[in-house]
Amino acid sequence: STRSSKPSSAISRSRRLEAEQLTRNGRIRRFFLSLVLVGLAALSWSGKLDSAALEGTEVTFKRALAAFAVSRSLNGVISVAQGTEIAIQPVGVGVTLSVGEILDPLNDLVERFSWLVLLACASLGSQMLLAEIMGNVWLSSVLSITVLLGLTALWWPGRFPGSAAVLRLCALAVFVRFLVAAVALTSAWVDQEMLAPRQDTALDEIVRAQESIEDLRRAPTISTDAQSESMLDRFSDFLDDQRQALNIEAQIEALSDRVERAINEFINLIVIFFVQTIVIPLVALWAAFATLRWTWNRTWS
């Protein structure tokens, strides 16, 4: 009996040590969770996260407006240049070059791109408005009260009725309060670190294409004066006309290449704004919901 009592006492001592360890680990987890909740409440009152999200979204919004302005300006230049016909008439032989045929594909793409940028501006403006609303004092007050109830349910679960529901309500309040700021900060960070250089390069190429269109639209009509007084003057005018004709033809070829590059850059901008206003917010929302679901199912239990 003495031998059997020794193993049983060792087992009970081992179980007691395990229970103490579990209790100690539970207190540590509750302590760190309490620090997180208090820190989130303080962050809500400070408004620094909302300010950072608002500033980052505003920078992206201004770049979207700049892209919209460039597209509308290019659309106006193309509309004027499409009716331009350049007549080259050396020594009475007429050749007419139409600029509109070159610019038609670019003009169609610019009009569709303008609608996409307008939609992106509306999305970014909505994020800015929601960030301002979520930084309201009343929402911070509601979050603080919810965090206080959550801390009470966390440390005294047996004395607090419905502690599990209160803790889940606290998690939901934190999720709603910081959701917009988290999405806006994620979008702003990806935009500034990865998308902004691509967007600036594309806009520079589009501006150069616009300048090429304006230069060609201002090109003079080449013609030879039939009333030249001497053969030498006619021959000199013929040489000048040939040089100018070759120059305009070279400009048209350069314009065709520039238009092709501008079309490629507009496609790149469409991809950028699609990722910026649709893909990144959806990914951020999915990550936020996944975090809430994990917290809902595991942490509180």
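These numbers were taken from a predicted model, which means no experiment stands behind them.

**Student:** Is there a simple way to think about the packing of aromatic side chains in this case?
**Tutor:** The geometry of an aromatic ring pair comes down to the distance between the two centres and the angle between the two planes. Applying the stated criterion across every chain yields a total of 4 aromatic pairs. Judged by centre distance (5.1 Å) and plane angle (50°), the rings of F175 and F289 are tilted. One end of the pair, F175, is in helix α5 (residues 163-217); the other, F289, is in helix α6 (residues 231-299), and 114 residues separate them in sequence. With a relative accessible area of 47%, F289 lands in the partly exposed category. Three or more aromatic residues joined by ring pairs make a cluster, and in this case those are F113, F266 and F273. Looking at R177, its charged tip hangs above the ring of F178, at a distance of 5.0 Å from the centre.

**Student:** Where do I start with a nonpolar patch on the surface in this structure?
**Tutor:** A contiguous nonpolar patch, built from I28, F31, F32, L35, W155 and W156 and spanning about 630 Å² of accessible area, is present on the exposed surface. For the nonpolar patch, the leading source of residues is helix α1 (residues 2-46), giving 4 residues. By secondary structure assignment, the location of F31 is in helix α1. Accessibility expressed as a relative area gives 44% for F31, which makes it partly exposed.

**Student:** Please explain the side chain of Q199 as it appears in this structure.
**Tutor:** On the secondary structure map, Q199 appears in helix α5. Assessed through its relative accessible area of 1%, Q199 is described here as buried. Those residues in contact with Q199, other than ones at most four positions away along the chain, are R63, A64, A67, D191, L269, I272, F273 and Q276.

**Student:** Explanation requested: the environment of G47 in the structure shown.
**Tutor:** Positionally, G47 belongs in the loop between α1 and α2 (48-81). You can call G47 buried: its relative accessible area is 16%. For the pair formed by G47 and S140, sequence separation is 93 residues and the distance between their alpha carbons is 9.3 Å.

Scoring rules and cut-offs
Residues numbered from 1 in each chain as written. Predicted model: local features only at pLDDT ≥ 70, side-chain atom pairs only at ≥ 80, totals over all residues. Heavy atoms only, no water. Phe/Tyr/Trp six-rings, centres within 6.5 Å; stacked < 30°, edge-to-face > 60°. Helix = DSSP H or I, 4+ residues; strand = E, 2+ residues; numbered from the N terminus. Buried < 20%, exposed > 50% of the residue type's maximum accessible area, 1.4 Å probe, protein only. Lys NZ or Arg CZ within 6 Å of the ring centre and 35° of its normal. Patch = residues over 30% accessible without salt bridge, like charges linked within 9 Å, V, L, I, M, F, W, Y side chains within 5 Å. Areas by Shrake-Rupley, 256 points an atom, 1.4 Å probe, with all protein chains shown as cover. Salt bridge = Lys/Arg side-chain N within 4 Å of Asp/Glu carboxyl O. Contact = heavy atoms within 4.5 Å.

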